[in-house]
Amino acid sequence: MEKIKTVDRVELTGGKEEELLIEYDPNNLISIGLDPISLGAQIKPTLNSYPSGNIYTDKMELPVILEEISKNPEKLRLYDVTTLKASTKLGAISDVKLGTKPDQPKSRILTRDFEGQAVIFYVFKTESADIISTYEKAKDLVNSELENNANYFVETLIDAAQDINDQYSKLYNNFLATILLVFITLSIFMGIRQAVVVSFSIPLTFLVSFFFMQIFGLSLNFLTLFSLLLTLGLL
């Protein structure tokens, strides 16, 4: 889902997060002249990526980075560990594998037809992306994945895109209703000319609001939409 251009990040709770486990026999380490502290010191450099130089071309300079190998069990098993007697592979003195992190928070879902463990996805859009189109892309991706996994289903808990869409609809309907009511009321009591002038002041007020929102970098969100609705009510 993070491959979608308009998706900034996806946070996951309730799922089984994996980590790399290195299991060893302390007595076996002592017999070859190692201890857990020295073994950990030798493995620590594999946890990070390190710059190893640059590649120069006619037009650009590209950095070269040594990739971390700690997330790859196969590569980590082949890592050379130095002992008092000789160097040996890490996989020969320990069991390197992927396992589940302990004490992870669990999520559960309760509906009319189902009760059980759940995984919660929080999808965040990029700052300049349209929330409704981003939601539709994420929804289509999830539905395509569900076609191949009939044992799973999706339940929407918070749909910010629908909330924003509802706010837009209310703002649009109230905007039209305000112009119509102001025009009718002023036409009856003050005449057509005054009614037309005052009716045009309502969209001009919104135009000025959008202008200053653009200057100060404000986007259309729950707060700004509520402020526009409040302003419309005062008008």
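Residues numbered from 1 in each chain as written. Predicted model: local features only at pLDDT ≥ 70, side-chain atom pairs only at ≥ 80, totals over all residues. Heavy atoms only, no water.

Engineer: Describe the overall build of the protein chain, and please don't skip the residues or the numbers.
Structural biologist: Along the backbone of the protein chain there are 8 helices and 10 strands. Going through the 235 residues of the protein chain one by one, you find that 20% of them count as buried. Sequence-distant contacts in the protein chain: of pairs separated by 6 or more residues, those separated by 24 or more amount to 59%. As displayed, the protein chain has an accessible area near 17,700 Å², and 59% of this comes from carbon and sulfur atoms. (Helix = DSSP H or I, 4+ residues; strand = E, 2+ residues; numbered from the N terminus. Buried < 20%, exposed > 50% of the residue type's maximum accessible area, 1.4 Å probe, protein only. Contact = heavy atoms within 4.5 Å. Areas by Shrake-Rupley, 256 points an atom, 1.4 Å probe, with all protein chains shown as cover.)

Engineer: I'd love a proper account of the layout of surface pockets, names of residues and values included.
Structural biologist: The calculated volume of the largest pocket comes to roughly 2,000 Å³. Taken together, 47 residues make up the lining of the largest pocket; nearest its centre are Phe121, Tyr122, Val123, Val154 and Glu155. Here the lining of the largest pocket takes 11 residues from helix α5 (residues 131–146), the largest share from any one element. The class makeup of the residues in the lining of the largest pocket is 29 nonpolar, 10 polar and 8 charged. (1 Å grid on protein atoms, 1.4 Å probe; cavity = no way out; pocket = protein on both sides within 12 Å on 5 of 7 lines; lining within 4 Å. Points joined across faces, edges and corners; volume = space filled by probe spheres on them. Nonpolar A, V, L, I, M, F, W, Y, C, P; charged D, E, K, R; others polar.)

Engineer: Tell me about the environment of Ile120, and name the residues and values.
Structural biologist: Its location among the elements puts Ile120 in strand β10 (residues 120–125). Spatially, the C-alpha atoms of Ile120 and Ile109 are 9.6 Å apart, while their sequence positions differ by 11 residues. Contacts of Ile120, omitting those with residues within four sequence positions, involve Glu11, Leu12, Thr13 and Ser107.

Engineer: So what's going on with the packing of α5 against helix α6 (residues 160–189)? Residues and values would help.
Structural biologist: As a packed pair, α5 and α6 sit with axes 9 Å apart at the nearest point and diverge in direction by 145°. Classified by chirality, the crossing of α6 by α5 is left-handed. Facing α5, whose interface residues are Ile131, Ile132 and Tyr135, α6 presents Ala160, Ala161, Ile164 and Asn165. Residues belonging to the contact of α5 with α6 are distributed by class as follows: 6 nonpolar, 1 polar and no charged. (Axes fitted to C-alpha atoms, helices over the stretch in contact; angles between N-to-C directions. Left-handed = near helix turned anticlockwise from the far one by under 90°.)

Engineer: I'd love a proper account of a nonpolar patch on the surface, names of residues and values included.
Structural biologist: A cluster of nonpolar side chains, Leu180, Phe183, Ile184, Ile188, Phe189, Met190, Ile192, Val196, Phe200, Leu204 and Leu207, forms an exposed patch at the surface whose accessible area comes to about 1,200 Å². Those elements that provide at least two residues to the nonpolar patch are α6 and α7 (192–215). Judged by its relative accessible area of 41%, Ile184 is partly exposed. (Patch = residues over 30% accessible without salt bridge, like charges linked within 9 Å, V, L, I, M, F, W, Y side chains within 5 Å. Salt bridge = Lys/Arg side-chain N within 4 Å of Asp/Glu carboxyl O.)

Engineer: Can you explain the packing of aromatic side chains? Please cite residues and give values.
Structural biologist: A full pass over the atoms with the stated rule returns 1 aromatic pair. Just above the ring of Phe124 sits the side chain of Arg9; from NZ or CZ to the centre is 3.9 Å. (Phe/Tyr/Trp six-rings, centres within 6.5 Å; stacked < 30°, edge-to-face > 60°. Lys NZ or Arg CZ within 6 Å of the ring centre and 35° of its normal.)

Engineer: Run through the confidence of the model for the protein chain, naming residues and quoting values.
Structural biologist: Residues of the protein chain with pLDDT of at least 70 account for 83%, and the chain-wide mean is 76. Mean pLDDT in the protein chain bottoms out at strand β4 (residues 61–66), which sits at 59, and peaks at β10, which reaches 84. (pLDDT = per-residue confidence, 0-100.)

Engineer: Any chance you could break down the side chain of Ser199 for me, citing the residues and the numbers?
Structural biologist: By the element assignment, Ser199 lies in helix α7. Classification of Ser199 by relative accessible area gives buried; the value is 8%. When residues no more than four places from it in sequence are discounted, the contact partners of Ser199 are Ile179, Val182 and Phe183.

Engineer: Give a description of the packing of α6 against α7 that names residues and reports values.
Structural biologist: Contact geometry of α6 with α7 gives a least axis separation of 7 Å together with a crossing angle of 160°. Regarding the angle of α6 to α7, the classification is roughly antiparallel. By crossing handedness, the relation of α6 to α7 is classed as right-handed. Across the interface between the two elements, Leu171, Phe175, Thr178, Ile179, Val182, Phe183, Leu186 and Ser187 of α6 pack against Ile192, Gln194, Ala195, Val196, Val198, Ser199, Ile202, Pro203 and Phe206 of α7. A class-by-class count of the residues in the contact of α6 with α7 yields 13 nonpolar, 4 polar and no charged. (Parallel < 35°, antiparallel > 145°, perpendicular 65-115°, else oblique.)

Engineer: Describe the pattern of salt bridges, with residues and values.
Structural biologist: Scanning the entire structure with this criterion turns up 4 salt bridges. Between Asp8 and Arg9 there is a salt bridge, with its nearest N and O atoms 3.2 Å apart. Assessed through its relative accessible area of 35%, Arg9 is described here as partly exposed.

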